[in-house]
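Fold and contact review
Letter by letter, the chains look like this.
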Amino acid sequence: MEPEGVYVDATAGLGGHSSAILERLSEKGRLYCFEWNEDTYEYLKERFKNEKRVKLYNKSFVELGQVLKTEGVLADGILFDLGLSSYLIEGSGRGFTFQKNEPLDMRMSLNAELTAEFVLNRYTFKELAEVFKRGEVPKAEKFASFICKKRKHKPLSTTKDLVEAVKEFYHSTKKDLLAVVFQSIRIEVNKELENLETALKEAVECLKTGGRLVVISFHSLEDRIVKRFLKECEKIKPLTKKPIVPTKEEVRKNPRARSAKMRVGEKL
Ligand SMILES: C[S@@+](CC[C@H](N)C(=O)[O-])C[C@H]1O[C@@H](n2cnc3c(N)ncnc32)[C@H](O)[C@@H]1O
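Keep in mind that what you see is a predicted model, and the values were worked out from it rather than measured.

Parameters at a glance
- Residues numbered from 1 in each chain as written.
- Predicted model: local features only at pLDDT ≥ 70, side-chain atom pairs only at ≥ 80, totals over all residues.
- Heavy atoms only, no water.
- 1 Å grid on protein atoms, 1.4 Å probe; cavity = no way out; pocket = protein on both sides within 12 Å on 5 of 7 lines; lining within 4 Å.
- Points joined across faces, edges and corners; volume = space filled by probe spheres on them.
- Helix = DSSP H or I, 4+ residues; strand = E, 2+ residues; numbered from the N terminus.
- Nonpolar A, V, L, I, M, F, W, Y, C, P; charged D, E, K, R; others polar.
- Near = heavy atom within 4 Å.
- Polar contact = N/O pair within 3.5 Å; in protein donor to acceptor, adjacent residues only side chain to side chain.
- Areas by Shrake-Rupley, 256 points an atom, 1.4 Å probe, with all protein chains shown as cover.
- Buried < 20%, exposed > 50% of the residue type's maximum accessible area, 1.4 Å probe, protein only.
- Arc of directions from axis to C-beta.
- Core = buried A, V, L, I, M, F, W, Y, C linked by side-chain atoms within 4.5 Å.
- Contact = heavy atoms within 4.5 Å.
- Domains from an automatic or database assignment.
- Buried area = accessible area lost by both parts, 1.4 Å probe.
- Salt bridge = Lys/Arg side-chain N within 4 Å of Asp/Glu carboxyl O.
- Pairing = 2+ DSSP bridges.
- Axes fitted to C-alpha atoms, helices over the stretch in contact; angles between N-to-C directions.

Here the focus is empty space enclosed by the protein. Applying the stated criterion across every chain yields a total of 1 cavity of 30 Å³ or more. The space that makes up the largest cavity amounts to roughly 30 Å³. In this structure, the largest cavity is lined by Val-131, Arg-134, Gly-135, Ser-184, Ile-187, Glu-188, Leu-193 and Leu-221. For the lining of the largest cavity, the element with the highest residue contribution is helix H9 (residues 175-189), accounting for 3 residues. Partitioning the lining of the largest cavity into residue classes produces 4 nonpolar, 2 polar and 2 charged.

Take a look at the structure:
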(Lines give C-alpha, C1' and ligand atoms only; values in the text may rest on other atoms or scores of the structure.)
Protein backbone atom coordinates (compact mmCIF):
# COMPACT_ATOMS: atom_id res chain seq x y z
CA MET A 1 0.00 0.00 0.00
CA GLU A 2 1.00 3.63 -0.60
CA PRO A 3 1.07 5.42 2.79
CA GLU A 4 0.10 8.67 1.09
CA GLY A 5 -2.34 7.06 -1.29
CA VAL A 6 -6.07 7.30 -1.85
CA TYR A 7 -8.12 4.23 -0.94
CA VAL A 8 -11.79 3.35 -1.15
CA ASP A 9 -13.61 0.96 1.14
CA ALA A 10 -16.76 0.47 -0.94
CA THR A 11 -18.49 -1.60 1.76
CA ALA A 12 -17.23 -0.12 5.01
CA GLY A 13 -19.58 -2.10 7.29
CA LEU A 14 -18.45 -1.83 10.88
CA GLY A 15 -15.09 -0.46 9.81
CA GLY A 16 -12.77 -3.47 10.26
CA HIS A 17 -11.11 -3.21 6.86
CA SER A 18 -11.17 0.58 6.98
CA SER A 19 -9.23 0.55 10.27
CA ALA A 20 -6.69 -1.87 8.82
CA ILE A 21 -6.22 0.44 5.81
CA LEU A 22 -5.88 3.49 8.08
CA GLU A 23 -3.12 1.76 10.07
CA ARG A 24 -1.10 1.67 6.87
CA LEU A 25 -1.76 5.27 5.82
CA SER A 26 0.28 8.33 6.76
CA GLU A 27 -1.31 11.65 7.70
CA LYS A 28 -1.45 12.48 4.00
CA GLY A 29 -3.30 9.33 2.96
CA ARG A 30 -7.06 9.42 2.33
CA LEU A 31 -9.80 6.84 2.75
CA TYR A 32 -13.23 7.15 1.13
CA CYS A 33 -15.80 4.90 2.79
CA PHE A 34 -19.18 3.91 1.37
CA GLU A 35 -21.88 2.28 3.46
CA TRP A 36 -25.44 1.90 2.22
CA ASN A 37 -27.10 0.90 5.48
CA GLU A 38 -28.21 3.89 7.55
CA ASP A 39 -27.56 2.47 11.05
CA THR A 40 -24.16 1.14 10.05
CA TYR A 41 -23.26 4.51 8.57
CA GLU A 42 -24.19 6.22 11.88
CA TYR A 43 -21.99 3.73 13.71
CA LEU A 44 -19.08 4.46 11.36
CA LYS A 45 -19.57 8.21 11.76
CA GLU A 46 -19.10 7.80 15.49
CA ARG A 47 -16.20 5.36 15.12
CA PHE A 48 -14.25 7.66 12.80
CA LYS A 49 -15.40 11.02 14.20
CA ASN A 50 -11.82 12.10 15.03
CA GLU A 51 -10.33 10.69 11.87
CA LYS A 52 -9.44 13.47 9.44
CA ARG A 53 -8.23 11.09 6.74
CA VAL A 54 -11.67 9.51 6.33
CA LYS A 55 -14.59 10.69 4.21
CA LEU A 56 -17.81 8.77 4.79
CA TYR A 57 -20.74 8.43 2.43
CA ASN A 58 -24.13 6.95 3.23
CA LYS A 59 -24.48 5.95 -0.40
CA SER A 60 -24.48 2.81 -2.50
CA PHE A 61 -21.16 1.91 -4.03
CA VAL A 62 -22.74 2.32 -7.47
CA GLU A 63 -22.21 6.04 -6.84
CA LEU A 64 -18.50 5.80 -6.17
CA GLY A 65 -17.52 7.01 -9.64
CA GLN A 66 -19.60 10.14 -9.25
CA VAL A 67 -18.21 10.83 -5.77
CA LEU A 68 -14.54 10.39 -6.67
CA LYS A 69 -15.01 12.50 -9.78
CA THR A 70 -16.51 15.31 -7.71
CA GLU A 71 -13.62 14.98 -5.24
CA GLY A 72 -11.20 15.11 -8.16
CA VAL A 73 -9.22 12.03 -7.08
CA LEU A 74 -8.16 8.70 -8.51
CA ALA A 75 -7.65 5.73 -6.20
CA ASP A 76 -4.65 3.53 -5.47
CA GLY A 77 -6.93 0.79 -4.27
CA ILE A 78 -10.64 -0.01 -4.10
CA LEU A 79 -11.99 -2.76 -1.87
CA PHE A 80 -15.38 -4.48 -2.02
CA ASP A 81 -16.28 -6.88 0.80
CA LEU A 82 -19.71 -7.90 -0.43
CA GLY A 83 -22.78 -9.16 1.33
CA LEU A 84 -24.09 -8.76 4.83
CA SER A 85 -22.45 -7.54 8.02
CA SER A 86 -23.11 -9.29 11.30
CA TYR A 87 -25.14 -6.21 12.26
CA LEU A 88 -27.51 -6.66 9.30
CA ILE A 89 -27.95 -10.35 10.08
CA GLU A 90 -28.28 -10.18 13.83
CA GLY A 91 -29.25 -6.65 14.78
CA SER A 92 -31.15 -4.94 11.99
CA GLY A 93 -34.51 -6.69 12.51
CA ARG A 94 -35.04 -6.67 8.73
CA GLY A 95 -35.55 -10.38 8.19
CA PHE A 96 -32.17 -11.37 6.75
CA THR A 97 -31.97 -14.58 8.76
CA PHE A 98 -34.22 -17.61 8.99
CA GLN A 99 -33.03 -18.03 12.55
CA LYS A 100 -35.21 -15.19 13.81
CA ASN A 101 -38.85 -14.34 13.29
CA GLU A 102 -38.88 -10.85 11.77
CA PRO A 103 -40.82 -8.90 9.13
CA LEU A 104 -39.91 -9.84 5.53
CA ASP A 105 -38.01 -6.69 4.66
CA MET A 106 -34.42 -7.56 3.62
CA ARG A 107 -33.52 -4.04 2.47
CA MET A 108 -29.89 -3.24 3.18
CA SER A 109 -30.82 0.41 2.82
CA LEU A 110 -34.19 2.11 3.14
CA ASN A 111 -33.40 3.52 -0.30
CA ALA A 112 -33.78 0.08 -1.86
CA GLU A 113 -37.05 0.18 -3.78
CA LEU A 114 -38.39 -3.28 -3.01
CA THR A 115 -38.98 -5.32 0.13
CA ALA A 116 -38.96 -9.10 0.48
CA GLU A 117 -42.67 -8.94 1.30
CA PHE A 118 -43.36 -7.18 -2.00
CA VAL A 119 -41.30 -9.67 -3.99
CA LEU A 120 -43.02 -12.67 -2.42
CA ASN A 121 -46.58 -11.36 -2.48
CA ARG A 122 -46.74 -9.04 -5.48
CA TYR A 123 -44.39 -10.43 -8.07
CA THR A 124 -46.08 -12.39 -10.84
CA PHE A 125 -45.42 -16.12 -10.99
CA LYS A 126 -42.98 -15.52 -13.86
CA GLU A 127 -41.04 -12.85 -11.99
CA LEU A 128 -40.86 -14.91 -8.83
CA ALA A 129 -39.75 -18.01 -10.72
CA GLU A 130 -37.00 -15.90 -12.31
CA VAL A 131 -35.83 -14.71 -8.87
CA PHE A 132 -35.59 -18.29 -7.62
CA LYS A 133 -33.97 -19.55 -10.83
CA ARG A 134 -31.36 -16.81 -10.78
CA GLY A 135 -30.69 -17.55 -7.12
CA GLU A 136 -30.23 -21.24 -7.98
CA VAL A 137 -33.06 -22.32 -5.70
CA PRO A 138 -33.94 -26.00 -6.36
CA LYS A 139 -37.21 -26.63 -8.24
CA ALA A 140 -37.47 -22.86 -8.75
CA GLU A 141 -40.60 -22.80 -10.91
CA LYS A 142 -42.56 -25.24 -8.79
CA PHE A 143 -41.63 -23.42 -5.60
CA ALA A 144 -42.71 -20.09 -7.16
CA SER A 145 -46.02 -21.66 -8.13
CA PHE A 146 -46.42 -23.00 -4.58
CA ILE A 147 -45.81 -19.52 -3.10
CA CYS A 148 -48.34 -17.99 -5.53
CA LYS A 149 -51.03 -20.43 -4.35
CA LYS A 150 -50.13 -20.01 -0.71
CA ARG A 151 -50.24 -16.21 -0.77
CA LYS A 152 -53.81 -16.25 -2.10
CA HIS A 153 -54.94 -17.62 1.27
CA LYS A 154 -52.63 -15.54 3.42
CA PRO A 155 -49.84 -13.20 2.30
CA LEU A 156 -46.38 -14.01 3.64
CA SER A 157 -45.31 -11.33 6.07
CA THR A 158 -42.66 -12.78 8.35
CA THR A 159 -39.51 -14.87 8.02
CA LYS A 160 -41.41 -17.59 9.89
CA ASP A 161 -44.01 -17.64 7.08
CA LEU A 162 -41.22 -18.14 4.54
CA VAL A 163 -39.57 -20.89 6.60
CA GLU A 164 -42.99 -22.61 6.87
CA ALA A 165 -43.44 -22.39 3.09
CA VAL A 166 -40.02 -23.99 2.52
CA LYS A 167 -40.86 -26.69 5.02
CA GLU A 168 -44.22 -27.46 3.40
CA PHE A 169 -42.89 -27.49 -0.15
CA TYR A 170 -39.52 -29.22 0.24
CA HIS A 171 -40.34 -31.26 3.36
CA SER A 172 -37.02 -30.00 4.65
CA THR A 173 -35.60 -27.11 6.65
CA LYS A 174 -31.97 -27.82 5.92
CA LYS A 175 -29.86 -24.74 6.56
CA ASP A 176 -28.36 -24.71 3.07
CA LEU A 177 -31.80 -24.81 1.48
CA LEU A 178 -33.17 -22.01 3.67
CA ALA A 179 -30.02 -19.99 3.05
CA VAL A 180 -30.33 -20.22 -0.72
CA VAL A 181 -34.04 -19.28 -0.66
CA PHE A 182 -33.45 -16.29 1.64
CA GLN A 183 -30.40 -15.23 -0.37
CA SER A 184 -32.26 -15.31 -3.69
CA ILE A 185 -34.86 -12.88 -2.37
CA ARG A 186 -32.29 -10.63 -0.70
CA ILE A 187 -30.34 -10.40 -3.97
CA GLU A 188 -33.49 -9.31 -5.79
CA VAL A 189 -34.56 -6.79 -3.13
CA ASN A 190 -31.17 -5.07 -3.14
CA LYS A 191 -30.43 -5.58 -6.85
CA GLU A 192 -27.10 -6.96 -5.67
CA LEU A 193 -25.88 -8.48 -8.92
CA GLU A 194 -26.81 -5.46 -11.06
CA ASN A 195 -25.19 -3.12 -8.52
CA LEU A 196 -22.02 -5.17 -8.47
CA GLU A 197 -21.72 -5.14 -12.26
CA THR A 198 -22.23 -1.37 -12.37
CA ALA A 199 -19.84 -0.69 -9.49
CA LEU A 200 -17.01 -2.79 -10.93
CA LYS A 201 -17.12 -0.77 -14.14
CA GLU A 202 -17.17 2.47 -12.14
CA ALA A 203 -14.31 1.31 -9.93
CA VAL A 204 -11.98 0.60 -12.84
CA GLU A 205 -12.48 4.13 -14.14
CA CYS A 206 -11.59 5.52 -10.71
CA LEU A 207 -8.26 3.68 -10.34
CA LYS A 208 -4.82 5.10 -11.10
CA THR A 209 -2.63 3.07 -13.42
CA GLY A 210 -1.22 0.29 -11.26
CA GLY A 211 -4.06 0.71 -8.74
CA ARG A 212 -5.65 -2.41 -7.32
CA LEU A 213 -9.23 -3.62 -7.33
CA VAL A 214 -9.93 -6.16 -4.58
CA VAL A 215 -13.25 -7.98 -4.32
CA ILE A 216 -14.29 -10.42 -1.62
CA SER A 217 -17.47 -12.30 -2.50
CA PHE A 218 -19.49 -14.83 -0.56
CA HIS A 219 -21.45 -16.81 -3.10
CA SER A 220 -20.91 -18.18 -6.57
CA LEU A 221 -23.32 -15.74 -8.25
CA GLU A 222 -21.17 -12.81 -7.18
CA ASP A 223 -17.88 -14.59 -7.70
CA ARG A 224 -18.83 -15.48 -11.28
CA ILE A 225 -19.46 -11.80 -12.05
CA VAL A 226 -16.12 -10.76 -10.52
CA LYS A 227 -14.19 -13.53 -12.24
CA ARG A 228 -15.67 -12.72 -15.64
CA PHE A 229 -15.17 -9.00 -15.18
CA LEU A 230 -11.48 -9.37 -14.31
CA LYS A 231 -11.00 -11.65 -17.28
CA GLU A 232 -12.89 -9.58 -19.82
CA CYS A 233 -12.20 -5.96 -18.83
CA GLU A 234 -9.47 -4.62 -21.09
CA LYS A 235 -8.36 -2.07 -18.53
CA ILE A 236 -7.57 -4.64 -15.85
CA LYS A 237 -4.98 -7.37 -15.43
CA PRO A 238 -6.14 -10.16 -13.10
CA LEU A 239 -3.56 -10.88 -10.39
CA THR A 240 -5.32 -13.91 -8.96
CA LYS A 241 -5.73 -16.87 -11.28
CA LYS A 242 -7.57 -18.73 -8.56
CA PRO A 243 -9.41 -16.88 -5.80
CA ILE A 244 -7.71 -16.46 -2.45
CA VAL A 245 -9.69 -18.32 0.22
CA PRO A 246 -9.44 -18.20 4.01
CA THR A 247 -7.16 -20.56 5.92
CA LYS A 248 -8.62 -23.17 8.27
CA GLU A 249 -7.48 -21.01 11.16
CA GLU A 250 -9.37 -17.97 9.81
CA VAL A 251 -12.52 -20.04 9.35
CA ARG A 252 -12.20 -21.39 12.87
CA LYS A 253 -12.02 -17.83 14.25
CA ASN A 254 -14.71 -16.48 11.93
CA PRO A 255 -17.01 -19.22 10.53
CA ARG A 256 -18.85 -16.70 8.32
CA ALA A 257 -15.65 -16.35 6.29
CA ARG A 258 -15.87 -19.97 5.13
CA SER A 259 -17.38 -19.14 1.73
CA ALA A 260 -15.25 -16.02 1.08
CA LYS A 261 -13.34 -15.72 -2.18
CA MET A 262 -11.01 -12.84 -2.89
CA ARG A 263 -9.97 -11.77 -6.37
CA VAL A 264 -7.58 -8.97 -7.24
CA GLY A 265 -6.95 -7.01 -10.44
CA GLU A 266 -4.51 -4.26 -11.40
CA LYS A 267 -5.42 -1.26 -13.53
CA LEU A 268 -3.43 -1.13 -16.76
C1 LIG B 1 -19.53 -7.87 4.62
S2 LIG B 1 -20.00 -6.32 5.18
C3 LIG B 1 -18.51 -5.42 5.22
C4 LIG B 1 -17.75 -5.56 6.50
C5 LIG B 1 -16.56 -4.62 6.55
N6 LIG B 1 -15.54 -4.97 5.58
C7 LIG B 1 -15.94 -4.58 7.93
O8 LIG B 1 -14.73 -4.73 8.03
O9 LIG B 1 -16.69 -4.37 8.90
C10 LIG B 1 -20.76 -5.60 3.79
C11 LIG B 1 -21.28 -4.19 4.03
O12 LIG B 1 -21.55 -3.62 2.76
C13 LIG B 1 -22.72 -2.87 2.83
N14 LIG B 1 -23.27 -2.81 1.48
C15 LIG B 1 -23.92 -3.77 0.79
N16 LIG B 1 -24.25 -3.35 -0.43
C17 LIG B 1 -23.79 -2.08 -0.52
C18 LIG B 1 -23.83 -1.12 -1.55
N19 LIG B 1 -24.46 -1.34 -2.72
N20 LIG B 1 -23.22 0.07 -1.32
C21 LIG B 1 -22.59 0.33 -0.14
N22 LIG B 1 -22.55 -0.55 0.89
C23 LIG B 1 -23.14 -1.75 0.70
C24 LIG B 1 -23.60 -3.63 3.80
O25 LIG B 1 -24.56 -2.78 4.40
C26 LIG B 1 -22.57 -4.14 4.82
O27 LIG B 1 -22.46 -3.27 5.90
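All right, on to the site of the ligand then. Around the ligand there are 21 residues in total, and Leu-14, His-17, Glu-35, Phe-61 and Asp-81 lie nearest to it. At 3.0 Å from an oxygen atom of the ligand is found a main-chain nitrogen or oxygen belonging to Gly-16. Ser-60 is positioned with one of its side-chain polar atoms (N or O) 3.1 Å from a nitrogen atom of the ligand. In the complex, the protein chains occlude 92% of the 600 Å² of accessible area that the ligand would expose alone. Its residues assigned to classes, the shell around the ligand shows 9 nonpolar, 9 polar and 3 charged.

Here the focus is helix H1 (residues 16-23). Regarding H1, the residues found buried are Ser-18, Ser-19, Ile-21 and Leu-22. Buried residues of H1, viewed axially, fall in a sector of 160 degrees; they line one side.

Formed by 36 residues in total, the largest nonpolar core has its most connected members in Met-106, Leu-128, Phe-132, Phe-143, Leu-162 and Ile-185. At the level of elements, helix H5 (116-122), helix H6 (125-134), helix H7 (140-153), helix H8 (159-170) and H9 are the ones that each hand at least two residues to this core. By residue number, the principal contributor to this core is H9, which donates 7 residues. Apart from the residues within four sequence positions on either side, Phe-132 is in contact with Leu-120, Val-137, Ala-140, Phe-143, Ala-144, Ile-147, Ser-184 and Ile-185. Core analysis: the second largest hydrophobic core is formed by 32 residues, Ala-75, Cys-206, Ile-225 and Val-226 among them.

What follows concerns unusual backbone geometry. The backbone of Met-106 shows a phi angle near 70 degrees, a positive value even though the residue is not glycine. Given the relative accessible area of 0%, Met-106 is considered buried. Residues other than glycine seldom take positive phi values, yet Lys-139 does so here, at roughly 50 degrees. Within the element layout of this structure, Lys-139 appears in the loop between H6 and H7.

Turning to the domain arrangement of the protein chain, a few remarks are in order. Here the domain parsing of the protein chain yields domain 1 (6-86 + 192-267) and domain 2 (113-189). The distance between the C-alpha centroids of domain 1 and domain 2 comes to 30 Å. The interface is formed by 9 residues belonging to domain 1 together with 6 residues belonging to domain 2. Contact with domain 2 buries area across many residues of domain 1, yet Glu-192, His-219 and Leu-221 alone supply 57% of it, more than any other trio. Of the charged contacts, one joins Glu-192 and Arg-186 as a salt bridge, the two residues approaching to 2.8 Å between their closest N and O atoms. Breaking the side of domain 1 that touches domain 2 down by element, the ones donating at least two residues are helix H10 (192-205) and helix H11 (220-232).

Turning our eyes to something else, we now look at the sheet that holds strand E4 (residues 75-81). Read across the open sheet, the 7 strands follow the order E3-E2-E1-E4-E5-E7-E6; overall the sheet is mixed. Taken across any chain shown, the strands that pair with only one partner, and hence form the sheet edges, are strand E3 (54-57) and strand E6 (236-238). On average, each strand axis in the sheet is tilted by 20 degrees relative to the strand beside it, whichever way the strands run. Sitting on the sheet, H1 is in contact with strand E1 (6-9), strand E2 (30-34), E3, E4 and strand E5 (207-217), with an inclination near 175 degrees to E2. Together, E5, E6 and strand E7 (261-267) form the strand contacts of H11, whose direction differs from that of E7 by roughly 25 degrees.

Let us look at the side chain of Glu-192. Tracing the backbone through its elements, the reader meets Glu-192 in helix H10. In this structure Glu-192 comes out as buried when scored by relative accessible area, which is 10%. Here the side chain of Glu-192 touches Arg-186 through a polar contact of 2.8 Å, side chain to side chain.

With that out of the way, let us pick up the pattern of salt bridges. Two side chains with opposite charge may pair up if their charged atoms get near one another. Enumeration according to the criterion identifies 24 salt bridges in this entry. Between Lys-150 and Glu-168 there is a salt bridge; the shortest N-O distance is 2.9 Å. Placement of the pair is Lys-150 in helix H7 and Glu-168 in helix H8, with a sequence separation of 18 residues. Judged by relative accessible area, which is 22%, Lys-150 ranks as partly exposed. Classification of Glu-168 by relative accessible area gives partly exposed; the value is 40%. Each of Arg-134, Glu-188, Lys-191 and Glu-194 takes part in a single network of salt bridges with overlapping partners.

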